[in-house]
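One-letter residues, chain by chain:
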Amino acid sequence: MMYLKRMAITAVFCLFGLSALPGFAQSLEHPLRPPQTGSPQATLQSFVNAMNEVHAIANQDDARGRDTVLPLRRAAATIDMSSFPVEIRRSQSIEVALLLDEVLDRVGLPDTSTVPSAASEAPNKWRIPNTPIAISLVEGGPRAGEYLFTAQTALNIREYYEAVRDLPYSDATSPGLYTAYLTTPGPGIALRWSERLPEWSKKTLFDQTYWQWIALAGVATLLVAQFIPILRASRSVGAAETEQQERAKRRNQFATLLLALALTVAAAWFVDEIVNLTGDTQITVAYVLAILRFFLIGWIVIVAGNVFVDAVSWARGLEPNSAGVLLLTVASWIVVGLFLFALVVAAAQRFGLPAYSVVTGLGVGGIAIGLGAQALVRDILSGVFFLMDDAFRKGEYVRVGDAMGNVEKISIRSMQLRHHLGAVHTIPYGQISQLTNFSRDWVIVKLSFTVPYETDPKVIKRIFKEIGGDMMADPAYADSFIEPFKSQGVFEFDDVGMVVRGKFMTKPGEQFTIRAELQARVKAAFDEAGINFARKEVRVAMPEVEGAGDQSSTEQRAAVAAASATDPPKS
């Protein structure tokens, strides 16, 4: 236990003690001066001078690691790092420079006079004698015309180092820098700092010290733990009972994702600037953190689209699932899709994948998906145009083909109709050839009544007018009317009686209740006025029989019996 406690205390000291050390006043006359790279000789000399400067600063008693960063960057600037992905290029450049310095300190440097200079005609490529390390003229890009250590040298430098690491230093002027770099927190080097650490903390596992593994475990635990509130916030959005709760929980999800992104960026900075991993471990951790960062950015973009739709719909007072909200949703999906596409291309470039190959791959994949999802695309596009035309809204009563009902749900691909008997019809937009909406603006209802021929039409007109006035004065129905119930006169005569008609105009959805009440009031008013509804009757006329007596013929008696036995038809 005491050993573990000592390890933990030392690890914390290694992580945060750097900032507590006294500063070293770095006196560089020209801190932004680039290295001289006009010839192989100038490039090699600039590299050696920069590494000697690093050793001189790092060997000071009160030196801090970050005091050596400028000369380290200058040394790294003599190396062509273009073969490294952008995501790890900056962090790997210092390590490559240190490994190159370790190799040169062991194999020895050639006589400066033998290295091609600007005064002589320098070749396009020069190799350090007896090594694969080469300096070459850059022919294209932002550093065209400069002589740099080749990209192949940078890629293979660890292999070269492993081959010579057990050799003794050969007239080295900057020995031990890479070993000190492994144990110094941050991107720089402090030789005295490394010497003051206990021996156990200098031991390595997979080229990383123990305290670095402890710090990395803490970062990994923090990053994994941050997904707990993210998952909780995401579940709460789906479990919201009302639109207001859903909007509030979605904003909370957005804030949680932003916090997670900030923690991920902070963790990446901490690992790169403080823990200072090296080698394959550093590359792996950098890629994992970058993938996590891009993943969170993509998730944030998606949630931000939903939050934007919520904010605009709330500001404009739009009803949930209305045409305006759905059009906003479609527009946000398009914008989010473009952002995600750009994010994928940017991520591919950061990871060293050519942008054109990614775009080509996404294009081919999009074509394949489009061919396999033509119906889906047709449904979505048809839905967009239906929503732009404002053909229907949630709660309206519509008919689509043989299906009728209230619009219960509107999605990007389909709509759901609730029939008045309870059945739910799901209809993709692409299958709608004609839609009839019964719930827009106003509804006219016409009622027909059949009365006997002898009924006075003026009486009917007066009764309808009184009923219309009474219902307009009734608070229970007055707000539903647009025009009162009134008579349209005699519509036709049929074989039963005289057909009279009345009509009224009402708000959509209110016509059914008003129609039932009107029919009841018309029946009561007719009863009070002594007017009966006409109904079908069967009348049999019996002509007087000529001849003696009151005896009928056999045929007449049979006809009478048949007529009396026949029930009149129902009306």
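S.K.: I would appreciate a short explanation of the environment of Asn-306 in the present structure.
M.R.: Mapped onto the secondary structure, Asn-306 falls in helix H12 (residues 279–315). Taking the C-alpha atoms as reference points, Asn-306 and Thr-329, separated by 23 residues in sequence, lie 7.4 Å from one another.

S.K.: Is there a simple way to explain the packing of helix H10 (residues 227–238) against H12 in this structure?
M.R.: Between two packed helices, the angle of one axis relative to the other and the distance separating the axes together describe the packing. Viewed as axis vectors pointing N to C, H10 and H12 meet at an angle of 20°, and their least axial separation amounts to 14 Å. By the angle between their directions, the pair H10 and H12 is classed as roughly parallel. As H10 runs across H12, the sense of the crossing is left-handed. Between H10 and H12, the residues in contact are Phe-227, Ile-230 and Ser-234 and Leu-292, Phe-295, Leu-296 and Trp-299, respectively. Taken together, the residues of the contact of H10 with H12 break down into 6 nonpolar, 1 polar and no charged.

S.K.: Whenever I open this one, the sheet that holds strand S11 (residues 443–451) confuses me. Can you help?
M.R.: Backbone-to-backbone hydrogen bonds join strands into a sheet, with any given pair of strands oriented parallel or antiparallel. Taken in spatial order, the 3 strands make up an open sheet running S11-S13-S12, and their pairing is antiparallel. For this open sheet the edge positions go to S11 and strand S12 (481–493), each flanked by a neighbour on one side alone. For this sheet, the mean inter-axis angle between neighbouring strands, taken without regard to orientation, is 20°. With 7 bridges joining them, S12 and strand S13 (residues 498–506) adopt antiparallel strand pairing.

S.K.: Can you walk me through the nonpolar core in this structure?
M.R.: One broad rule of soluble globular proteins: the nonpolar side chains tend to lie buried together. In this structure, Phe-47, Ile-79, Leu-98, Phe-149 and Ile-189 are the most contacted members of the largest nonpolar core, which totals 43 residues. Elements with a contribution of two residues or more to this core: helix H2 (40–58), helix H3 (69–76), helix H4 (86–107), strand S3 (147–149), helix H5 (151–164), helix H6 (177–183) and H12. Sorting elements by how many residues they give to this core places H4 first, with 9 residues. Core analysis: the second largest hydrophobic core is formed by 22 residues, Phe-481, Phe-504, Leu-518 and Ala-525 among them.

S.K.: Mind showing me how you'd approach empty space enclosed by the protein here?
M.R.: Scanning all chains against the criterion turns up 1 cavity of 30 Å³ or more. In this structure, the largest cavity occupies an estimated 90 Å³ of space. Surrounding the largest cavity, Arg-73, Arg-90, Ser-91, Ile-94, Glu-95, Tyr-181, Pro-187, Asp-272, Glu-273, Asn-276, Leu-277 and Gln-282 form its lining. Elements that contribute at least two residues to the lining of the largest cavity include exactly H4 and helix H11 (243–275). Broken down by class, the residue content of the lining of the largest cavity amounts to 4 nonpolar, 3 polar and 5 charged.

Cut-offs applied
- Residues numbered from 1 in each chain as written.
- Predicted model: local features only at pLDDT ≥ 70, side-chain atom pairs only at ≥ 80, totals over all residues.
- Heavy atoms only, no water.
- Helix = DSSP H or I, 4+ residues; strand = E, 2+ residues; numbered from the N terminus.
- Axes fitted to C-alpha atoms, helices over the stretch in contact; angles between N-to-C directions.
- Parallel < 35°, antiparallel > 145°, perpendicular 65-115°, else oblique.
- Left-handed = near helix turned anticlockwise from the far one by under 90°.
- Contact = heavy atoms within 4.5 Å.
- Nonpolar A, V, L, I, M, F, W, Y, C, P; charged D, E, K, R; others polar.
- Pairing = 2+ DSSP bridges.
- Core = buried A, V, L, I, M, F, W, Y, C linked by side-chain atoms within 4.5 Å.
- Buried < 20%, exposed > 50% of the residue type's maximum accessible area, 1.4 Å probe, protein only.
- 1 Å grid on protein atoms, 1.4 Å probe; cavity = no way out; pocket = protein on both sides within 12 Å on 5 of 7 lines; lining within 4 Å.
- Points joined across faces, edges and corners; volume = space filled by probe spheres on them.

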